[in-house]
Amino acid sequence: MRYELKSVRFITIFLLFLIAAFLLLAGRCFYLQFLRNDYYYSISTKQQQKRTTQKPQRGVILDCRGRVLAASNKIQTIFAEPRIIKRPKSISTKLAPIMDMGAHEICKLITESKNPGFVKIKVGAEPNQCTAAGKIYGIGVQSDWQRYYPMGPLAAHVVGFTSVDNQGLGGIELQYDKELAGSAGQNTFFADSLRRPIRLKQQSSVLSDGVGIILTLDATIQQFARAELLKQYESYEAESAVAIVAEPATGAILAMVSLPCFDPNDIRSAEPNNLRNRAITDQFEPGSLLKPIAAAIAIDAGVVEPNEKIFCEYGNYRGKGFGRIGEYGDHRFGNLTVRQILVRSSNIGMAKIGQRTGKETLYRGLKLFGFGQKTGIDLPGEADGLLWPVKKWTGYSITRIPFGQEISVTAIQLVRAFCVLANGGRPVRPFLVKAMVGNDGQLVARRSSLVARAASHGARVTGHESRNRASAVGFIIKPEVARWIVTDALVGVVNEGTGRKARLEKWQVFGKTGTAQLAKSESRGYSDSDYVASFIAGAPARNPAVVVLVSIRKPNIKLGKGYTGGTVAAPVVAKILERTLNYLENRGL
């Protein structure tokens, strides 16, 4: 009897244990099937599927004649997947003779990789290396694109450069990164236990290569400008230098050089300070370069006549509220016409013209010429310059701004202003992108459709400017005023005045010199040893084909070779003009 009770108790306990086990199992199954369903489903899906990404080819960048400035080549990269490699030493030993690398080096890459799914072993591998390496377990081969710049530093600041991941980091590469980059294609495959694709499951996105961009830049003219500027920059041991060549009728930039420069093919070794495009970022007081603009505004407003004589105080002009004004080189000018004031570059004459013009009129005129605001050129990083609002002007302002002090400008702003004069007073906007072309060779966008996009990248557009950009109708100053400034006053500067070193036998050149003192960095006032020597000119005067600016910062005055715009910059402009005009003439343009 006692035995039977023990048996019943044992059976009961066993059955209770069995029921509890089944209940636990059922609970576990419920937990896995319902509460953790999504988690294990995602793990299962990842094990069964493999996603592959097809990287698009980045668009080509061409000059106006179709010469390649930037392009992408396909390269092969051999990589390892560390998480599936159980014996890295063995794999490294097999891979070493194929890669022509040390086994220890490969092993270190695999074992120390922070990414368990991918580590590069060799970029730019040969086809035979890819074939042999692909047969080793845990080793794969992928195609990639590598950016290269066949012309090196020639147009580096305009074209820009990319990161190792082919993202634009400067110049046109950055400004139009989205268009150049294209969009990647992504496919999902069913995969086997070794993560090898078996068959396509779905196509998530379609591969689309980047568009090509055609610039207004002409590589030949760019070479002319760079070669001549580089010689003078090195000869005068200058801190920096810029040169711009523009087509005044359209605003198309034919050349843009910034020194010191860099090689976009070797961006890692470039000095960070050399990466910026000084033609659009560096601001400086323009000095006498602003005189023709201020004179044009005054004549257009009717406050002074071109042949009217103005007394220039024999080199010593004083007055309440504006201090003392003298002349460069202690010149003692008496009565001068407006033309003579520009030819002889009289500060006092321009100060008196400024007083006649008045603050409001001068300010409005300078704004219409584009000062104190971005030009809207299609490059990143453009500076605004500095033109104080009228309420901040003093008696000093109205007498100093007309000869280029108390105002900061960029080189591209000066080029734009002189293009307006050369274009008969019509508004001009500088630009670099001529068109975009798709992979099928069809135009994606023309210049007219790119204007709005460039404006959206930082340029402030006034109502007056937007109307002028939409059409060629409208004038910033009267055509006859612009024509007189260019064909009479500025021709006189080259033939008789401070710009004589820019004269050419074959073409009549017009231009203006500028020698601006740089402000002291540690105290008030201007330095006696640091200057910006500039010259801006165009030719032929009657129908200008090009406008050229050269600006050289801090030429070494200790060399004893001079430091003025007429001495340092004018000869460079003359050579660039001559070579460019001969080139355009030979091409029949």
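Look a little higher up for the structure.
Residues numbered from 1 in each chain as written. Predicted model: local features only at pLDDT ≥ 70, side-chain atom pairs only at ≥ 80, totals over all residues. Heavy atoms only, no water.

A. Spatial organisation of the overall build of the chain. Scanning the chain from terminus to terminus reveals 20 helices and 21 strands. Evaluated residue by residue, the chain yields a buried proportion of 50% over its 589 residues. For the chain, restricting intrachain contacts to residue pairs at least 6 apart in sequence, the fraction spanning at least 24 positions comes to 71%. (Helix = DSSP H or I, 4+ residues; strand = E, 2+ residues; numbered from the N terminus. Buried < 20%, exposed > 50% of the residue type's maximum accessible area, 1.4 Å probe, protein only. Contact = heavy atoms within 4.5 Å.)

B. Summary view of the side chain of Gln-413. Note that Gln-413 resides in helix 16 (residues 411-422). For Gln-413, a relative accessible area of 0% corresponds to the buried category. Looking at Gln-413, its side chain comes within polar contact range of the main-chain nitrogen of Thr-410, at 3.1 Å. Not counting chain neighbours up to four residues away, the residues in contact with Gln-413 comprise Gly-370, Phe-371, Gly-372, Gln-373, Thr-375, Ala-383, Asp-384, Gly-385 and Ser-408. (Polar contact = N/O pair within 3.5 Å; in protein donor to acceptor, adjacent residues only side chain to side chain.)

C. Layout of the nonpolar core. With 98 residues, the main nonpolar core has Met-256, Ile-293, Leu-366, Phe-369 and Phe-371 as its most contacted residues. Residue contributions to this core peak at ten residues, all from helix 16. Here Phe-371 is in contact with Leu-290, Ile-293, Leu-366, Leu-387, Ile-407, Val-409, Gln-413, Leu-414 and Ala-417, once residues within four sequence places are set aside. Counting 38 residues, the second-largest nonpolar core is a separate cluster that includes Val-494, Leu-504, Val-573 and Leu-584. (Core = buried A, V, L, I, M, F, W, Y, C linked by side-chain atoms within 4.5 Å.)

D. Structural context of the layout of surface pockets. Of the voids in this model, the second largest pocket is the one considered here, and its volume is about 710 Å³. Around the second largest pocket sit 30 residues that line it, and Ser-288, Tyr-328, Ser-345, Asn-347 and Thr-515 are the ones nearest its centre. Breaking the lining of the second largest pocket down by element, the ones donating at least two residues are strand 19 (510-519), strand 20 (526-539) and helix 20 (565-586). Element by element, the count of residues in the lining of the second largest pocket is highest for strand 19, at six residues. (1 Å grid on protein atoms, 1.4 Å probe; cavity = no way out; pocket = protein on both sides within 12 Å on 5 of 7 lines; lining within 4 Å. Points joined across faces, edges and corners; volume = space filled by probe spheres on them.)

E. Spatial organisation of the environment of Pro-380. Topologically, Pro-380 is positioned in the loop between helix 14 (359-368) and helix 15 (395-400). The exposure class of Pro-380 is partly exposed, given its relative accessible area of 25%. Put simply, Pro-380 and Gly-160 are 220 residues apart on the chain and 9.9 Å apart in space, counted from C-alpha to C-alpha. Setting aside residues no more than four positions away along its own chain, Pro-380 makes contact with Gly-171, Leu-174, Gln-175 and Ile-280.

F. Here's a closer look at the sheet that holds strand 21 (residues 546-553). Sheet architecture is open: five strands sit in the order 12-11-21-20-19, paired in antiparallel fashion. At either end of the open sheet lies a strand with only one pairing partner, and these are strand 12 (253-259) and strand 19. On average, each strand axis in the sheet is tilted by 10° relative to the strand beside it, whichever way the strands run. Two strands pair when backbone bridges link them, and strand 20 and strand 21 are joined in this way by eight bridges, in the antiparallel orientation. Among the inter-strand pairings, Phe-535 is bridged to a residue of strand 21, identified as Val-550. (Pairing = 2+ DSSP bridges. Axes fitted to C-alpha atoms, helices over the stretch in contact; angles between N-to-C directions.)

G. Spotlight on empty space enclosed by the protein. Throughout the structure, instances matching the rule amount to three cavities of 30 Å³ or more. Approximately 110 Å³ is the volume attributed to the largest cavity. Lining of the largest cavity is provided by Ser-240, Ala-241, Val-242, Arg-278, Asp-282, Phe-284, Ala-411, Val-532, Ser-551, Ile-552 and Arg-553. At the level of elements, strand 11 (240-246) and strand 21 are the ones that each hand at least two residues to the lining of the largest cavity. In the lining of the largest cavity, the residues fall into six nonpolar, two polar and three charged. (Nonpolar A, V, L, I, M, F, W, Y, C, P; charged D, E, K, R; others polar.)

H. Looking closely at the packing of helix 11 (residues 291-301) against helix 16. Taken N-terminus to C-terminus, the directions of helix 11 and helix 16 make an angle of 50°; their axes are 10 Å apart at the nearest point. The angle between the axes of helix 11 and helix 16 places the two elements in the oblique class. Between helix 11 and helix 16 lies a crossing whose hand is left-handed. Between helix 11, through Pro-292, Ile-293 and Ala-296, and helix 16, the contact on the second element is made entirely by Ala-417, Phe-418 and Leu-421. (Parallel < 35°, antiparallel > 145°, perpendicular 65-115°, else oblique. Left-handed = near helix turned anticlockwise from the far one by under 90°.)

I. Region of the structure containing helix 16. Look at helix 16: 16 Å from first C-alpha to last across twelve residues, which is about the 16 Å you get at 1.5 Å a residue. Buried within helix 16 are the following residues: Ala-411, Ile-412, Gln-413, Leu-414, Val-415, Arg-416, Ala-417, Phe-418, Cys-419, Val-420, Leu-421 and Ala-422. Just beyond helix 16, the residue with positive phi is Gly-424, at close to 70°. (Expected span 1.5 Å × (residues − 1).)

J. Structural view of the environment of Arg-500. By the secondary structure assignment, Arg-500 is in the loop between helix 19 (479-495) and strand 19. The class for Arg-500 is partly exposed, based on a relative accessible area of 42%. A polar contact of 2.2 Å, which involves the side chain of Arg-500, links it to the backbone oxygen of Glu-496.

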